[in-house]
Amino acid sequence: MKYIKNHLMFIFPLMAILLGIEFYLVFDRTTDTYEKGLQEGYSMLVVTKEPMKTDAFRALNRHISKSESIERNSIVSRIAKGVTKEGEAKILKSLPYFYNVHLNEYISTGELIRIKEDLELSPLIKKVETFGSNYESNYRLFSFIKFTLKIFIGFMSVVSLFLIMKQMEIWKYAHKERMQIMEIFGAPLMLRSGVLFKIAIIDAIAAALIVSSIFLYLKFYWAVHSGIEIMIQNRDYLFRITDIGILLAAALLIVIISVYSVVYSTKGVEE
Amino acid sequence: MSNVINASNLTLTYDHGRKEVITDVNFTVKKGEFVFITGPSGSGKSTLLKSLYGRIKPTSGNLVVGGVDLAHVKPSKLQELRTHMGIIFQDFKLVNEWTVAKNVVLPLMIAGYSLDVQNTQAHRLLKHVKLSEHAEKYPLELSGGEQQRVGVARALAKNPVLILADEPTGNLDDYSSNVIWDLMENACQQLETTVLVVTHKIPQVFSLPYRHFIIEGKGVYEVH
């Protein structure tokens, strides 16, 4: 019972940190896709005096990824109903050129204003419409969600680290005497800390496997049967096989640091 | 005979160099000698013993043990030196979560001997200290005298060059004390192991010739 309790005391905080890491990975993948969707769905309207190509726009600001020309004929046919062919030709001639300009990433509203200013510096550009207010509300909401989740994950990790440090104190107390006796008889560090490493590595593997199992269950069972459309569509972001490696590496790194902190804190203590 | 311990102008301090316990001391101990160091409580006997296995570094002077200069020793060299020593403590310093047999073969485990060798040696050593039937017990299941015999068996496990003992009979009754002294005498006589014992009282019945140093007023003096 004591043996299991000792393991669980370390596995639980370790799991909390690993859950934080996995949540971050899932969140990062999901927001990345959402961000891409927002960025692809967004475009600004640019009105020019002369026809312009994408390269010409990109020369004015590096964030511009592509431009699509809006068919002028369809605009004229819409606004010039009942007008003669000559009149229509005159309207077309006097009509400026319209472009939907897309960006290469999801940027802040400040950057958006800078793009507008850069474009307006060109004598060929008559008008730029960024639809800033709509963009800003999306951007702010998105940034807020991102920020609060990161804060939550960070807080969870800090609390878990404190729990691990507490467990280190217990380990130190439990193993100090044996490690000091072994040190007196000339045991090298690896032999002295062998037992601790064994426990810690078992706990790291257990914690990584438990967290992986939770997310595999979420991906293959819960998400499928949840009936939540967005969850079913984004099921792939919930867990990837490479995440097992990331979780295991993180867990091993944490336990190695923890064990070394115990080993060095017991070294050379006066017997 | 070669010197196993050579102290020259040795000064030892503790409390981060603030308190001097031994000042400018010179003495040597040869291979196969049995040495007692006595002195009043707080005179620095244990500090001197700790310095001999590298737990405390000399503040000044030289202290050479088994050919190793302990004032300038690297951790790896000190580790190696300790594997050639047997150390016995007043409070036994046994690993309570290990069996008696495992405690006894700790020096062999450190030296990397196979499990077969360890088992054979554990059997031999426990027979030597008359604790064969307690091999699979844990230290806290034994009496103080028995625990110290386990400590002596552990100290003898690797036929050490030097045995250091800090008040080895301090917590034991007369009968158990005599058993411990017998075991240490045998080690010195049969294996030619150098034995240095820090104690407050030299045993009344002691058959081997021995040297006696006394620590007094921060100095170490030989009693003839």
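Please read these numbers as outputs of a predicted model, since none were measured by experiment.

A. Molecular detail of the overall build of chain A. Each helix and strand counted, chain A has 11 helices and four strands in total. Relative to the compact-globule value of 18 Å for 271 residues, chain A shows a C-alpha radius of gyration of 30 Å, a clear excess of over 25%. Its C-alpha atoms give chain A principal-axis dimensions of roughly 105 × 45 × 25 Å. Out of the 271 residues belonging to chain A, those deemed buried represent 25%. In chain A, the share of contacts with a sequence separation of at least 24, taken over all contacts with a separation of at least 6, comes to 81%.

B. Seen up close, the sheet that holds strand E8 (residues 194-198) of chain B. Residue and element names in this part refer to chain B. Here six strands make up an open sheet; going across it, the order is E6-E7-E8-E3-E9-E10 and the pairing mixed. Strands at the two margins of the open sheet, each flanked by one partner only, are strand E6 (85-88) and strand E10 (219-223). Within the sheet, the average angular offset between the axes of one strand and its neighbour, ignoring direction, is 20°. Pairing between strand E7 (residues 162-166) and E8: five bridges, direction parallel. The partner of Leu-162 across the bridge, within E8, is Thr-194. Sitting on the sheet, helix H6 (residues 144-156) touches E6 and E7, and the angle it makes with E6 is about 170°.

C. Fine view of the interface of chain B and chain A. At the junction of the two partners, chain B supplies 11 residues and chain A supplies nine residues. Mapped onto the side of chain B that touches chain A, the elements with two or more residues apiece are helix H2 (75-82) and helix H4 (106-111) of chain B. Residue composition of the side of chain B that touches chain A, by class: six nonpolar, two polar and three charged.

D. Broad picture of the confidence of the model for chain B. Residue and element names in this part refer to chain B. On average, residues of chain B score 92 in pLDDT, and 100% of them are at 70 or above. Mean pLDDT per element in chain B: helix H7 (residues 174-191) is the minimum at 88, and helix H3 (residues 100-104) is the maximum at 97. Interface confidence in the predicted complex, given as ipTM, is 0.90; pTM for the same model is 0.70.

E. Region of the structure containing unusual backbone geometry. Residues and elements named next belong to chain B. Of note in the backbone geometry, Phe-92 takes a positive phi value of approximately 70° without being a glycine. Take Phe-92: it is sitting in the loop between E6 and H3. One non-glycine residue, Lys-218, lies in the positive phi region at around 70°. Looking at where Lys-218 falls in the secondary structure, it is placed in the loop between strand E9 (211-216) and E10.

F. Up close: H7 of chain B. All names here are of chain B. End to end, H7 covers 25 Å across 18 residues, agreeing with the expected 26 Å (1.5 Å per residue, within 8%). Looking only at H7, the buried set comprises Ile-180, Trp-181, Leu-183, Met-184, Ala-187 and Cys-188. One side of H7 carries all its buried residues, which in axial view fall inside an arc of 155°. Along H7, the residues that are exposed and aim more than 90 degrees away from the buried face are Asp-174, Tyr-175 and Gln-190. Tucked into the core, H7 has its buried residues touching strand E3 (34-38), H6, E7 and E8.

G. Molecular detail of the sheet that holds strand E1 (residues 43-48) of chain A. Residue and element names in this part refer to chain A. Taking strand neighbours across the sheet as the criterion, the four strands line up as E2-E3-E1-E4 in an open arrangement whose pairing is antiparallel. At either end of the open sheet lies a strand with only one pairing partner, and these are strand E2 (64-69) and strand E4 (125-129). In this sheet, adjacent strand axes meet at a mean angle of 25° when their direction is disregarded. Here E1 runs beside strand E3 (residues 97-103); their pairing, made up of six bridges, is antiparallel. Residue pairing across strands places Met-44 opposite Val-101, the latter belonging to E3. Here helix H5 (residues 109-120) sits on the sheet and contacts E1 and E4; the angle it forms with E4, its principal contact strand, is near 170°.

H. How the structure looks around the domain arrangement of chain A. Split by domain assignment, chain A resolves into domain 1 (2-37 + 149-266) and domain 2 (42-137). Computed over C-alpha atoms, the centres of domain 1 of chain A and domain 2 of chain A are 52 Å apart.

I. Fine view of the nonpolar core. One finds Leu-14, Leu-18 and Ala-251 of chain A together with Val-104, Leu-164 and Met-184 of chain B to be the most contacted residues of the largest nonpolar core, which totals 97 residues. The residues contacting Met-184 of chain B, other than those within four sequence positions of it, are Val-152, Ile-163, Ala-165 and Val-195 of chain B. Core analysis: the second largest hydrophobic core is formed by 12 residues, Met-44, Val-46, Met-52 and Phe-57 of chain A among them.

J. Fine view of the environment of Gly-110 of chain A. Here Gly-110 of chain A is to be found in helix H5. The spacing of Gly-110 of chain A and Glu-136 of chain A is 26 residues in sequence and 9.5 Å in space, taken between C-alpha atoms.

K. Up close: the packing of H6 of chain B against H7 of chain B. All names here are of chain B. It is at 9 Å that the axes of H6 and H7 come closest, and there the two elements cross at 10°. Classified by the angle between their axes, H6 and H7 sit roughly parallel to one another. Between H6, through Gly-144, Gly-145, Gln-148, Arg-149, Val-152 and Leu-156, and H7, the contact on the second element is made entirely by Ser-176, Val-179, Ile-180, Leu-183, Met-184 and Ala-187. In terms of residue class, the contact of H6 with H7 is built from seven nonpolar, four polar and one charged.

Reading the values: the criteria
Residues numbered from 1 in each chain as written. Chains lettered and ligands numbered in written order. Predicted model: local features only at pLDDT ≥ 70, side-chain atom pairs only at ≥ 80, totals over all residues. Helix = DSSP H or I, 4+ residues; strand = E, 2+ residues; numbered from the N terminus. Rg over C-alpha atoms; globule rule 2.2 N^0.38 Å. Buried ≥ 20, exposed ≤ 12 C-beta atoms within 10 Å, placed from the backbone. Contact = placed C-beta atoms within 7 Å. Pairing = 2+ DSSP bridges. Axes fitted to C-alpha atoms, helices over the stretch in contact; angles between N-to-C directions. Nonpolar A, V, L, I, M, F, W, Y, C, P; charged D, E, K, R; others polar. pLDDT = per-residue confidence, 0-100. Expected span 1.5 Å × (residues − 1). Arc of directions from axis to C-beta. Domains from an automatic or database assignment. Core = buried A, V, L, I, M, F, W, Y, C linked by C-beta atoms within 7 Å. Parallel < 35°, antiparallel > 145°, perpendicular 65-115°, else oblique.

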